[in-house]
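Here are the chains, one letter per residue:
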Amino acid sequence: MSNILVFAGTTEGRELAEILSASRVECDVFVATEYGGKLVNNLEGIKVHEGRIDVCEMRNIYKELNPRIVVDATHPYAEIVTDNIRKSLEGLDIKYLRLKRNEDDNLGESYKDISDCAKSLINTKGNILITTGSKELQEFTKYSELKERIFVRVIPGVESLNKCYEAGLSGKQIIAMQGPFSREMNEAIIKQYDIKHLVSKSSGKTGGMDTKIAACINTGIRMHIIDRPDKNEIGLSLSEIIKELELLTNIKLVTKKPLVSLVGIGPGNKDMMTLEATKAIEEADVIFGAKRMIDSIESQVEKYPYYLKKDILPVIDSLDKTQNRNIVILFSGDTGFFSGCESVYEELKNREEIETVIVPGISSISLLAARIGESWQDGNLISLHNNEESKVYTKFINLVLNTHKTFFITSGVKDINTIGEMLKEKKVNIKLGFRLSYEDEEIINATPEDCINLKKEGLYVGVVINDSVTDKIITPSITDEEFDREKVPMTKEEIRQLSVCKLKLKKDSVVYDIGSGSGSVAVQIAKMSADIKVYAIECKDEAYELTLRNAKKHDAYNINAIKALAPEGLKGFPSADAAFIGGSRGNLREIIIKLREINPKMRIVINAISMETICEMKEILEEIKVNDLSICQVAVSKVKSLGEYNLLQAGNPVFIYSFNLEV
């Protein structure tokens, strides 16, 4: 036998039953109709009683069940039922709790009761959609001026249908459907039946009020709202009811966790949103997003024009989460494509008090690929949205020059102009998508010169197609003959290749080339990946200029070279994970000590030719802790043709040291 008895009739009443069931608290739930019983049926520990009962029957039930607490969760318009419940409890030692639905700020003409509303509608023209239920339909149908213009939407129960027929309505005037109803569904019904007026009770978001309002606004029809019988009725919210029950029963109730949905809304046009995204927005209690996004959402709920986590998270933390159970954060495009979704999700995913889900959208890149008939699975993707523009553009140009297709998103026409300047000497094809998904969208086939001259501001995405790209060799492969050299020393091809391999680089490594000379090592490293960043340092004028020239010759835009002497010149560089030392100018020990200060676990490769350097390395390795040490001596001889003969030409032997620094 349970200690709690609930008179249900609202969404909140059903939610309370679900919470009690999840908390393993037995409860008797009374509903007026079979349809209402189905909504709370099959919940463990919940016994459902169907049928309308009067005051006397209620008192008999109390004697039989002996409840300690009665919760009145009936509909706010069922004032007779509420009066009967209160009368039935007079003189009894039973705690009474009234669950009150939150009041709304509605848009539309309001009336004190249905009779008032019906009289007002007599003087209108056009079809009328009644969404107030079946009980008081005769208040409308008794007027001949209204009867033929009325269409009613009721729950698909026998009792409701009978009342429709009793009110004199024909089958074509009855829409028997179970909610909830989305804005789109409301709009479809309005258009299908040529509705000019919609009648609703002030039933709150859980009663579908927000989607009705949005549909009326979108279709331009008038809304007529029946006020609650007593707007100032004393009652408790669902969260307050839960707290009261916990105090009275000394049981911690398991409430539903608030659901935070990170929603990708696609390219911009609402028709490009997925059904899952649309549903999440329609069911939201609170919506976050950039102003242009939330302005396009018709839902009449609490909205915040925030898209950065530093602004969003404090608001989420401050919300009464039992009242605001569905929280939506909007992101443009797709949540997994250069989206702010990632950082917000990282902050929320491990919070036990909420549930977080990601709802993906359609990216503008996917839409562009579809519009131009190109696949994008074999292309590179990059966003030019970045505060560090030089780094982004450096990566972009490297991708363009080394891959067949490079898809990109931009922050506006300024990025397109910059792309044009960078590619003006290159033979590439550029396809741009302007304001994709909107009525004024354009697909633009452009040359670099066209991009330079483009003036129209707006959202652009694009792809650069470089047909001159050949399959890239992924091992170090640049020959000595491909470098400008003059009289500057250069690390020879085989030694360079072996030394670069010894660096054990990753695709996004940051590397120092100390004593860069001709720049051959820096260029070879830079060409291995567009994401690698190389910082070359050289103190001699001629060698420094040659490093710059070879970097330009090989389109190695991810090399940043400075003229300075190491280790002092290293102060301006960001931290690296690897360093190649080809020349030290007598400062080898100081350079290694400085590298350890920058990154105590840096990977270092050193080429030593002179006996002095080899001897110094012996002392340094006795002084400084390292691991993964490898020392090899390499002597390379190449075959040179001389007349009819092929002769061996020996190069200088080189010691290659490779190791990781150790703290």
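Read on for an overview of the structure. (Residues numbered from 1 in each chain as written. Predicted model: local features only at pLDDT ≥ 70, side-chain atom pairs only at ≥ 80, totals over all residues. Heavy atoms only, no water.)

**Considering the overall build of the protein chain**
So, point 1. Helix and strand counts for the protein chain come out as 24 helices and 30 strands.
So, point 2. Against the 2.2 N^0.38 benchmark of 26 Å for 663 residues, the protein chain shows a C-alpha radius of gyration of 37 Å, more extended than a compact globule.
So, point 3. Dimensions along the principal axes, computed over C-alpha positions, put the protein chain at roughly 120 × 60 × 40 Å.
So, point 4. Burial statistics for the protein chain: of 663 residues in total, 49% are counted as buried. (Helix = DSSP H or I, 4+ residues; strand = E, 2+ residues; numbered from the N terminus. Rg over C-alpha atoms; globule rule 2.2 N^0.38 Å. Buried < 20%, exposed > 50% of the residue type's maximum accessible area, 1.4 Å probe, protein only.)

**Things to note about the pairing of strand 24 (residues 559-563)**
So, point 1. Direction of pairing for strand 23 (residues 533-538) relative to strand 24: parallel, over a ladder of five bridges. Paired with alanine 536 across the strands is alanine 561, a residue of strand 24.
So, point 2. On the question of chirality, the crossover connecting strand 23 to the parallel strand 24 by way of helix 22 (residues 541-553) is right-handed. (Pairing = 2+ DSSP bridges. Right-handed = clockwise from strand over helix to strand, strands pointing away.)

**Here's the deal with the sheet that holds strand 9 (residues 174-176)**
Consider a sheet: its strands pair through backbone hydrogen bonds, and that pairing is either parallel or antiparallel.
So, point 1. The parallel open sheet is built from six strands, whose spatial order is 6-11-10-7-8-9. Of all the strands in the sheet, just strand 6 (109-111) and strand 9 have a single pairing partner and so form its edges. The average angle at which neighbouring strand axes cross in this sheet is 20°, direction not considered.
So, point 2. Where strand 7 (residues 127-130) lies against strand 10 (residues 195-201), four bridges are found, and the strand directions are parallel. From the neighbouring strand, isoleucine 128 faces strand 10, where its bridge partner is histidine 197. (Axes fitted to C-alpha atoms, helices over the stretch in contact; angles between N-to-C directions.)

**What about the packing of aromatic side chains?**
So, point 1. In the structure shown here, the tally under the stated rule is 10 aromatic pairs.
So, point 2. Residues phenylalanine 7 and phenylalanine 30 carry aromatic rings whose centres are separated by 5.6 Å and whose planes lie at 35° to one another, so their mutual orientation is tilted. Note that phenylalanine 7 is positioned in strand 1 (residues 4-7) and phenylalanine 30 in strand 2 (residues 27-31), a separation of 23 residues in sequence. Here phenylalanine 7 and phenylalanine 30 have matching classes, each one buried.
So, point 3. An aromatic cluster is present here, built from Phe288, Tyr304 and Tyr306 joined pairwise through their rings.
So, point 4. The ring of phenylalanine 181 is capped by arginine 153, whose NZ or CZ atom sits 3.8 Å from the centre of that ring.
So, point 5. The ring of tyrosine 438 is capped by arginine 435, whose NZ or CZ atom sits 4.3 Å from the centre of that ring. (Phe/Tyr/Trp six-rings, centres within 6.5 Å; stacked < 30°, edge-to-face > 60°. Lys NZ or Arg CZ within 6 Å of the ring centre and 35° of its normal.)

**Regarding helix 20 (residues 493-502)**
So, point 1. Within helix 20, the full set of buried residues consists of Glu493, Ile495, Arg496, Ser499 and Val500. Along the axis of helix 20, the buried residues cluster in a sector spanning 160°; they form a single face.
So, point 2. In the segment just after helix 20, lysine 504 is the residue with positive phi, at about 50°. (Arc of directions from axis to C-beta.)

**Focus: the sheet that holds strand 15 (residues 326-331)**
So, point 1. Here we have five strands laid out as an open sheet, ordered 14-13-15-12-16, and parallel in their pairing. Every other strand in the sheet has two partners, leaving strand 14 (302-304) and strand 16 (355-359) as the edge strands with one partner each. Within the sheet, the average angular offset between the axes of one strand and its neighbour, ignoring direction, is 20°.
So, point 2. For strand 12 (residues 259-264) and strand 16, the ladder comprises five bridges, and the chain directions are parallel.

**Some thoughts on unusual backbone geometry**
So, point 1. Look at the link from alanine 566 to proline 567: it is a cis peptide, with omega at 10°.
So, point 2. With respect to the element layout, proline 567 can be found in the loop between strand 24 and strand 25 (578-581).
So, point 3. Of note, arginine 24 is a non-glycine position whose phi angle comes to about 60°, a positive value.
So, point 4. Within the fold, arginine 24 resides in the loop between helix 1 (11-22) and strand 2.
So, point 5. One non-glycine residue with positive phi stands out, namely aspartate 628, at about 55°.
So, point 6. Its location among the elements puts aspartate 628 in strand 27 (residues 626-634).
So, point 7. Judged by its relative accessible area of 38%, aspartate 628 is partly exposed.

**Here we look at empty space enclosed by the protein**
So, point 1. According to the stated counting rule, one finds three cavities of 30 Å³ or more in the structure shown.
So, point 2. Here the largest cavity defines a volume of roughly 160 Å³.
So, point 3. Elements with a contribution of two residues or more to the lining of the largest cavity: helix 9 (183-192), helix 10 (209-219) and helix 12 (275-282).
So, point 4. Of the residues belonging to the lining of the largest cavity, the class tally is four nonpolar, four polar and six charged. (1 Å grid on protein atoms, 1.4 Å probe; cavity = no way out; pocket = protein on both sides within 12 Å on 5 of 7 lines; lining within 4 Å. Points joined across faces, edges and corners; volume = space filled by probe spheres on them. Nonpolar A, V, L, I, M, F, W, Y, C, P; charged D, E, K, R; others polar.)

**Here's the deal with the nonpolar core**
Soluble globular proteins tend to bury their nonpolar side chains together.
So, point 1. Core analysis: the largest hydrophobic core is formed by 27 residues, its most contacted members being Tyr512, Ile514, Ile581, Ile592, Leu595 and Ile606.
So, point 2. For this core, the elements supplying multiple residues, two or more each, are strand 22 (510-514), strand 23, strand 25, helix 23 (588-598), strand 26 (603-608), helix 24 (611-623) and strand 30 (654-661).
So, point 3. The dominant element in this core, judged by the number of residues it contributes, is helix 23, at four residues.
So, point 4. Within the second largest apolar cluster, 26 residues are counted, among which are Val521, Ala551, Ala556 and Val605. (Core = buried A, V, L, I, M, F, W, Y, C linked by side-chain atoms within 4.5 Å.)

**Overview of helix 12**
So, point 1. Buried within helix 12 we find Ala277, Thr278, Ala280, Ile281 and Glu282.
So, point 2. Here the buried face of helix 12 lies against helix 9, helix 10, strand 12, strand 13 (286-288), strand 15 and strand 16. (Contact = heavy atoms within 4.5 Å.)

**A closer look at the state of the cysteines**
So, point 1. For the structure shown, the criterion picks out zero disulfides.
So, point 2. Here cysteine 501 is not cross-linked by a disulfide; its sulfur's nearest cysteine counterpart is in cysteine 632, at 11 Å. (Disulfide = S-S within 2.5 Å.)

**Quick notes on a nonpolar patch on the surface**
So, point 1. Together, Leu642, Tyr645 and Leu647 give the surface a local cluster of nonpolar side chains, amounting to about 340 Å² of exposed area.
So, point 2. Judged by its relative accessible area of 57%, tyrosine 645 falls in the exposed class. (Patch = residues over 30% accessible without salt bridge, like charges linked within 9 Å, V, L, I, M, F, W, Y side chains within 5 Å. Areas by Shrake-Rupley, 256 points an atom, 1.4 Å probe, with all protein chains shown as cover. Salt bridge = Lys/Arg side-chain N within 4 Å of Asp/Glu carboxyl O.)

**Looking at the environment of glutamine 178**
So, point 1. Here glutamine 178 lies in the loop between strand 9 and helix 9.
So, point 2. In this structure glutamine 178 comes out as partly exposed when scored by relative accessible area, which is 45%.
So, point 3. Taking C-alpha positions, glutamine 178 is 9.2 Å from arginine 153, a pair spaced 25 residues apart along the chain.

**A few points about the environment of asparagine 127**
So, point 1. One can find asparagine 127 in strand 7.
So, point 2. It is 85 Å that separates the C-alpha atoms of asparagine 127 and aspartate 480, two residues lying 353 residues apart in sequence.
So, point 3. If we skip the residues at most four places from it in the chain, asparagine 127 touches Arg149, Phe151, Tyr193, Asp194, Ile195, Lys196 and His197.

**Here's the deal with the packing of helix 1 against helix 11 (residues 238-249)**
So, point 1. Look at helix 1 against helix 11: their axes get within 11 Å of each other, and the N-to-C directions meet at 35°. Two packed elements cross with a definite hand, and for helix 1 against helix 11 that hand is right-handed. Across from Glu12, Glu15, Leu16, Ile19 and Leu20 in helix 1, the residues of helix 11 making contact are Leu238, Ile241, Ile242 and Leu245.
So, point 2. Split into classes, the residues belonging to the contact of helix 1 with helix 11 amount to seven nonpolar, no polar and two charged. (Left-handed = near helix turned anticlockwise from the far one by under 90°.)

The analysis is restricted to geometry; functional conclusions fall outside its scope.
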